[in-house]
Amino acid sequence: MNISGYAAIIFGSIFVNNFLLARFLGLCPFIGVSKRTDEAVGMGMAVTFVMTLASAVTWLLYNYLLLPGAETGHNIMSFIMGNEVNLVPILKNVSYILVIAALVQLVEITMRKISPALYRALGIYLPLITTNCAVMGVALLNTTDAPRRFSFVEATLQGFAAGIGFMMAMLLMSAIRERLALADVPRSMKGVPVAFICTALIALSFLGFAGILGAG
Amino acid sequence: MELGFIIGSIFVMLGLGAIFGAGLAVASAKLKVDRDPRIDELMDLLPGVNCGACGLSGCEAMAKALLAGNAEPSECALIPPDVAERVAEVAGTDVGQRQKRVAVVLCRAKDVGRRHDYSGLSDCSAAALLQGGPTDCVYACIGLGTCADVCPFEAITMGEDELPRVDPEKCVACGKCVQVCPRNIISLLSVEKYVHVLCSSHDKGGQVRKLCEAGCIACKLCEKACEFDAIKVEDCIAKIDYEKCTLCGKCVEACPRGIIRDIRIDQHWPKATDEVTAAEVKSGE
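Residues numbered from 1 in each chain as written. Chains lettered and ligands numbered in written order. Predicted model: local features only at pLDDT ≥ 70, side-chain atom pairs only at ≥ 80, totals over all residues. Heavy atoms only, no water.

1. So, helix α11 (residues 192-206) of chain A
Between its terminal C-alpha atoms α11 of chain A stretches 21 Å, which fits the 21 Å expected from 15 residues at 1.5 Å a residue. Buried residues belonging to α11 of chain A abut α1 (3-16), α2 (27-32) and α10 (152-180) of chain A. (Helix = DSSP H or I, 4+ residues; strand = E, 2+ residues; numbered from the N terminus. Expected span 1.5 Å × (residues − 1). Contact = heavy atoms within 4.5 Å.)

Below you can see the structure in the form of structure tokens.
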């Protein structure tokens, strides 16, 4: 893999296939924690951290435990069991959830020790990363074989870049919502409804990136 | 093959679960945060709205200050006396003395001219930034109700005259409105002393006369009327020395502009109903 390939993954995950604005994954924390910039950055960092780690761990899990050994040649399971067992269709989603849940717990424990203020600010949204579909989404996308199988470095890089893209979208949104708080919005549209409309408008502008990387 | 699936799945999930479980157990032991259990106990007793009336950054900061002996339970404006006693018990401090204060809007802007029609954001701070604000009097209430918006207790409502009304029952003197008012016309004052000079203008008398029907013109009639030397005109505005004020009401009668007032009349204090008659309310207007 050359440098331009890595650059394409980074640019693609942040702009072209931004998890929030192009794939619409993880809208719950996006709407919930984007009211203030400092909280949005904190949440973005937590999600980036979890996404990167989850990408790395789930890639190892997929390639060394779940896939049959015939294709990769070094499957631990088939080494122990002695026969070829393809666990991908039954265990992929379940084991990924386990990995993500454990990682979020680890982040939570670490954050409570290192930054209690951020821990309090994120509140319920920190444990909610467990069920953040953007994290699950990046893990699943990293470990599909189509259009081609990612290497470990590529998968981790995509997870990290997706997290950065998530944080960027959160930052954009929090800046807009800090101004929206002062704006004269019709009563029925105040808060979440107008935030969704703004999200749609940003997403529209992000469509402009779609043509940059060839077929996208 | 079927058996392989089942055994394989069980093996993988059990293995993963054991590894992650052990990892988290180690992490939680290594990264343990020592926390005084009394903080949680106090947090249950304190209101938990983080209003900041105590002068600290929130209820948890208050709980910590209580345990460190840097605060008294009575500094929390929201807890009733019986809860304050329990807080004092847990924290091992005295309850302390507190004087109930309320926010008072020191302006009764009446017929104040407008230097321009403001049509921007409905926010006093934003309006005040534009050409020094829309009112001719630069000390007058702008009337867009930012204080009412910011009040976490819904104690402030905007009256028909576009002036804020403070409900002293709901107000806990958290000071949010005081901070947000761009004209600095809201003060936290003791409930006990309910006669105030409801004007904040430092303009000279003649100038005030031109700008507002209800402004202090520094005529010093109140100063002469006061038998207790409690009221002084300084910097073109009457000031009451609340230590000396006995609430006799002489200055209220003497003021030709009707701005020295028993604010219980304006704000319909529950206490005032039996003391203040309807006729008095009318004559006050």
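2. Here we look at the interface of chain A and chain B
Opposite the 28 residues of chain A that make contact, chain B presents 21 residues. Buried surface at the junction of chain A and chain B, summed over both partners, amounts to about 2100 Å²; 84% is from carbon and sulfur atoms. It is I109, K113 and L182 of chain A that lose the most area in chain A upon contact with chain B, and together they represent 23% of the buried surface on that side. Counting across the chain A and chain B interface gives zero salt bridges. Summed over the shared surface of chain A and chain B, the number is one residue pair in polar contact (both at pLDDT 80 or more). Among the secondary structure elements, those contributing two or more residues to the side of chain A that touches chain B are α3 (37-66), α5 (76-81) and α6 (88-114) of chain A. Here the side of chain A that touches chain B takes 13 residues from α6 of chain A, the largest share from any one element. Of the residues that constitute the side of chain A that touches chain B, the class distribution is 19 nonpolar, four polar and five charged. (Buried area = accessible area lost by both parts, 1.4 Å probe. Salt bridge = Lys/Arg side-chain N within 4 Å of Asp/Glu carboxyl O. Polar contact = N/O pair within 3.5 Å; in protein donor to acceptor, adjacent residues only side chain to side chain. Nonpolar A, V, L, I, M, F, W, Y, C, P; charged D, E, K, R; others polar.)

3. Notes on the nonpolar core
In terms of nonpolar packing, the biggest core is built from 53 residues, with I129 and M170 of chain A touching the most fellow members. If you tally residues by element for this core, the top one is α3 of chain A, at 11 residues. Filtering out sequence-adjacent residues up to four positions away, M170 of chain A remains in contact with L20, P29, F30, V33, S34, A40 and M43 of chain A. In terms of nonpolar packing, the next biggest core, distinct from the first, is built from 48 residues, A148, C199, C222 and I259 of chain B among them. (Core = buried A, V, L, I, M, F, W, Y, C linked by side-chain atoms within 4.5 Å. Buried < 20%, exposed > 50% of the residue type's maximum accessible area, 1.4 Å probe, protein only.)

4. Describing the environment of D136 of chain B
Residue and element names in this part refer to chain B. Inspection of the secondary structure assignment puts D136 in the loop between α5 (124-129) and α6 (146-150). For the pair formed by D136 and H116, sequence separation is 20 residues and the distance between their alpha carbons is 8.9 Å. Setting aside residues no more than four positions away along its own chain, D136 makes contact with V112, G113, R114, R115 and L211.

5. Section: the environment of G26 of chain A
All names here are of chain A. Take G26: it is sitting in the loop between α1 and α2. C-alpha separation for the pair G26 and T131, spaced 105 residues apart in sequence, amounts to 8.7 Å. Apart from the residues lying within four places of it in its own chain, the contact partners of G26 are L20, N132, C133, A134 and F166.

6. Let's talk about unusual backbone geometry
Of note in the backbone geometry, F24 of chain A takes a positive phi value of approximately 55° without being a glycine. Position of F24 of chain A relative to the elements: it lies in the loop between α1 and α2. Of note, the phi angle at D229 of chain B is positive, near 60°, even though the residue is not glycine. Accessibility expressed as a relative area gives 45% for D229 of chain B, which makes it partly exposed.

7. Brief notes about the packing of α1 of chain A against α10 of chain A
Residue and element names in this part refer to chain A. It is the contact of α1 with α10, at a shortest axis distance of 7 Å, that shows an interaxial angle of 35°. α10 is crossed by α1, and the crossing has right-handed handedness. Along the contact surface, α1 presents Y6, I9, I10, S13, I14 and F15, while α10 presents V153, E154, L157, Q158, A161, A162, I164, G165 and M168. In terms of residue class, the contact of α1 with α10 is built from 11 nonpolar, three polar and one charged. (Axes fitted to C-alpha atoms, helices over the stretch in contact; angles between N-to-C directions. Left-handed = near helix turned anticlockwise from the far one by under 90°.)

8. Notes on the side chain of H196 of chain B
All names here are of chain B. Structurally, H196 can be placed in strand β5 (residues 195-197). One polar contact links H196 to Y242, side chain to side chain, over a distance of 2.7 Å. What H196 contacts, discounting residues up to four positions off in sequence, is V104, L106, L189, I240, Y242, I259, I260, R261 and I263.

9. Some points on the pairing of strand β6 (residues 231-234) of chain B
The two faces of the sheet receive side chains in turn, since in a regular strand these alternate between them. All names here are of chain B. Of the two faces of β6, only the one carrying I231 and V233 is buried; K232 and E234 on the other face are not. Inspection of the sheet shows β6 paired to strand β7 (residues 237-240) by four bridges, in the antiparallel sense. Within β7, the residue paired with E234 across the bridge is I237. Linkage of β6 to β7, two consecutive antiparallel strands, is achieved through a turn of two residues, within which D235 is found at a positive phi near 55°. (Pairing = 2+ DSSP bridges.)

10. A few points about the pattern of salt bridges
Residue and element names in this part refer to chain B. This model, assessed by the stated rule, comprises six salt bridges over all chains. Among the ionic pairs, R165 bridges to D161, the shortest N-O distance being 3.1 Å. For D161, a relative accessible area of 40% puts it in the partly exposed group. Measuring nitrogen to oxygen at the nearest pair gives 2.8 Å for the salt bridge that ties K250 to E227. Remark: E227 occurs in the loop between α9 (221-225) and β6 and K250 occurs in helix α10 (residues 250-254); sequence separation between them is 23 residues. Take K250: its relative accessible area is 34%, and that puts it in the partly exposed class.

11. Examining a nonpolar patch on the surface
Taken together, I197, L201, L204 and L207 of chain A make up a surface patch of nonpolar side chains, about 410 Å² in accessible area. Given the relative accessible area of 53%, L201 of chain A is considered exposed. (Patch = residues over 30% accessible without salt bridge, like charges linked within 9 Å, V, L, I, M, F, W, Y side chains within 5 Å. Areas by Shrake-Rupley, 256 points an atom, 1.4 Å probe, with all protein chains shown as cover.)

12. Some points on the packing of α3 of chain A against helix α1 (residues 2-30) of chain B
The interhelical angle for the contact between α3 of chain A and α1 of chain B, taken along N-to-C directions, is 145°, at an axis separation of 13 Å. Pair α3 of chain A / α1 of chain B crosses with right-handed handedness. Touching V57, L61, L65 and L66 of chain A of α3 of chain A are V12, L16 and F20 of chain B, all from α1 of chain B.

13. A word on the confidence of the model for chain B
All names here are of chain B. Averaged over all residues, the pLDDT of chain B equals 82, while 92% of them reach at least 70. When the criterion is pLDDT under 50, residues 269-285 qualifies, and its contacts beyond four places in sequence or with other chains add up to 17 contacts. Note on the complex model: pTM 0.58, ipTM 0.71. (pLDDT = per-residue confidence, 0-100.)

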